[in-house]
Amino acid sequence: MSKTKRDDSLSRYLLPIIISAAAVIRLFNIGSPSLWYDELYTVWASRLPVATLLQEVPASRHPPVYYLVAHVWLGLVSGDAWVRLISCMAGVIAVGLVYLIGKDLFSVRAGIWGAALTAFSPFLIWYSRDATDYSWLIAVSLGSFYLLVRSLKKGGSLNWALYCIVTFVALFSHYYAVFLFIAEIAFFIIISKHRKQIRPWLICQEIFLLALFPLVLLLRRFQSSSYEQYLNYTTP
């Protein structure tokens, strides 16, 4: 059997098993234990009217995208398990994204190993069962990196546009996404081989720098804010 056929067999049979196992592990008894402090904050903030949410959430030192997603999600159904499903789905998606990154940068075998390590990582399983923005951040960051790799390999306006959009979402999902921004600059400098890649990449960086400016203003504006309204809400 040729190497290509072996790789096809690996991705066809092993990847669905790994992703299914990741989903089962993360979903099993996901409603237990009951929500803890940070998760309660997620529920509280996500149930605020959007205008109020955009004012209150920065007090927790987090940009608003995750809470806006949770706002829509909790508008459908409520419950401990339901609010954790956002993180759970993000965690399962992360497994697939690691596979794609490994496959595109190295080989199918590397992608399978990366997916397996992601699926069974205790650290990532923990955050996939936690109704906070960390699993979401990991997923959108991996999505951003995968789209950068794809854009560098295949080019195309659509790929670069998707890269810009997902990275923009990451930057407005958590302030730690700034480190993703820096890492991707370093990756581009190391991996880029063609001049035609520079122009679309520079356009994306200009967009990201413009996005960072309101983020800095947002953080400075609300850096002295507190959880006072939240504490009043949760304290009998």
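Counting restarts for each chain: residues are numbered from 1 in the order of the written sequence. Given that the model is predicted, a residue must reach a pLDDT of at least 70 before its local features are reported, and side-chain atom pairs must reach 80 or more before they are shown or counted; all residues, however, enter totals for whole chains, interfaces and linings. Only hydrogens and water are removed before side-chain values are computed, so all heavy atoms of the structure are retained for them.

(A) Examining empty space enclosed by the protein more closely. Buriedness of a pocket was judged along seven lines, with at least five required to meet protein on both sides within 12 Å; pockets are open sets of points on a 1 Å grid over the protein atoms alone, cavities are sets where a 1.4 Å probe fits but cannot get out, and lining residues have an atom within 4 Å of a point. Grid points are joined across faces, edges and corners, and a volume is the space filled by probe spheres set on the points. This structure, assessed with the given rule, holds two cavities of 30 Å³ or more. What the largest cavity holds in volume is close to 60 Å³. Arg-26, Gly-91, Ala-94, Thr-118, Leu-124, Tyr-127, Ser-128, Ser-135 and Ile-138 are the residues that line the largest cavity. Mapped onto the lining of the largest cavity, the elements with two or more residues apiece are α5 (80–105), α7 (122–128) and α8 (134–154). Looking at which element gives the most residues to the lining of the largest cavity, the answer is α7, with three residues. Amino acids are sorted into nonpolar (Ala, Val, Leu, Ile, Met, Phe, Trp, Tyr, Cys and Pro), charged (Asp, Glu, Lys and Arg) and polar (every other residue, Gly among them). Considering only residue class, the lining of the largest cavity consists of four nonpolar, four polar and one charged. Each helix is a run of DSSP H or I of at least 4 residues and each strand a run of E of at least 2, with the numbering of both proceeding from the N terminus.

(B) Inspection of helix α6 (residues 108–119) at higher detail. Given the number of residues in a helix, its expected span is that number minus one, multiplied by 1.5 Å. The terminal C-alpha atoms of α6 lie 16 Å apart, and with twelve residues this matches the ideal 16 Å at 1.5 Å per residue to within 8%. Listed as buried for α6 are Val-108, Gly-111, Ile-112, Gly-114, Ala-115, Ala-116, Thr-118 and Ala-119. Whether a residue is buried, partly exposed or exposed follows from its accessible area with a 1.4 Å probe, protein chains only, as a fraction of its type maximum: under 20%, in between, or over 50%, in that order.

(C) Focus on the packing of aromatic side chains. Stacked, edge-to-face and tilted labels apply to pairs of Phe, Tyr and Trp rings (six-membered ring for Trp) whose centres lie within 6.5 Å, assigned for plane angles under 30 degrees, over 60, and everything in between, in that order. Tallying each qualifying case throughout the model produces 14 aromatic pairs. Seen in terms of ring centroids, Tyr-41 and Trp-44 are 5.4 Å apart; in terms of plane orientation they differ by 45°. Their pairing is tilted. Placement of the pair is Tyr-41 and Trp-44 together in helix α2 (residues 37–46), with a separation of three residues, close to one helical turn. Judged by its relative accessible area of 4%, Tyr-41 is buried.

(D) Molecular detail of the pattern of salt bridges. Any carboxyl oxygen of Asp or Glu within 4 Å of a side-chain nitrogen of Lys or Arg constitutes a salt bridge here. Summed over all chains, the structure comprises two salt bridges. Across the pair Lys-103 and Asp-104 runs a salt bridge whose closest N-O atoms are separated by 3.3 Å.

(E) Representation of unusual backbone geometry in the model. With an omega of -5°, the peptide bond between Ser-32 and Pro-33 qualifies as cis. Mapped onto the elements of the fold, Pro-33 is located in the loop between α1 (3–27) and α2. A positive phi is found at Asn-29, a non-glycine position, where the angle reads about 50°. Assignment of secondary structure puts Asn-29 in the loop between α1 and α2. Taking relative accessible area as the criterion, Asn-29 reaches 46% and is therefore assigned partly exposed.

(F) Quick look at helix α4 (residues 65–74). Within α4, the full set of buried residues consists of Val-65, Tyr-66, Tyr-67, Ala-70, Trp-73 and Leu-74. In this analysis, two residues are considered to be in contact whenever any of their non-hydrogen atoms come within 4.5 Å of each other. In this structure, the buried residues of α4 make contact with α2, α3 (50–56), α5, α8 and α9 (157–171).

(G) Representation of the environment of Leu-142. In this fold, Leu-142 is placed in helix α8. Sequence separation of Leu-142 and Leu-100 is 42 residues, and the distance between their C-alpha atoms is 9.8 Å. Not counting residues up to four positions away in its chain, the partners in contact with Leu-142 are Ala-94, Leu-97, Val-98 and Ile-101.

(H) Molecular detail of a nonpolar patch on the surface. Residues enter patches when their relative accessible area tops 30% and they take part in no salt bridge; the joining distance is 9 Å for like charges and 5 Å for the nonpolar side chains Val, Leu, Ile, Met, Phe, Trp and Tyr. Methods summary: accessible areas were calculated by the Shrake-Rupley approach with a probe of 1.4 Å, and residue burial reflects only the protein chains presented. Residues Leu-158, Leu-162 and Ile-165 make up a contiguous nonpolar surface patch of about 290 Å² in total accessible area. Tracing the sequence through the fold places Leu-158 in helix α9.

(I) Structural detail: the side chain of Thr-132. Take Thr-132: it is sitting in the loop between α7 and α8. Under the relative-accessibility criterion, Thr-132 is labelled buried at 5%. Sequence-distant contacts of Thr-132, that is, excluding residues within four places in its chain, are made with Asp-38, Glu-39, Thr-42, Tyr-66, Ser-87 and Tyr-127.

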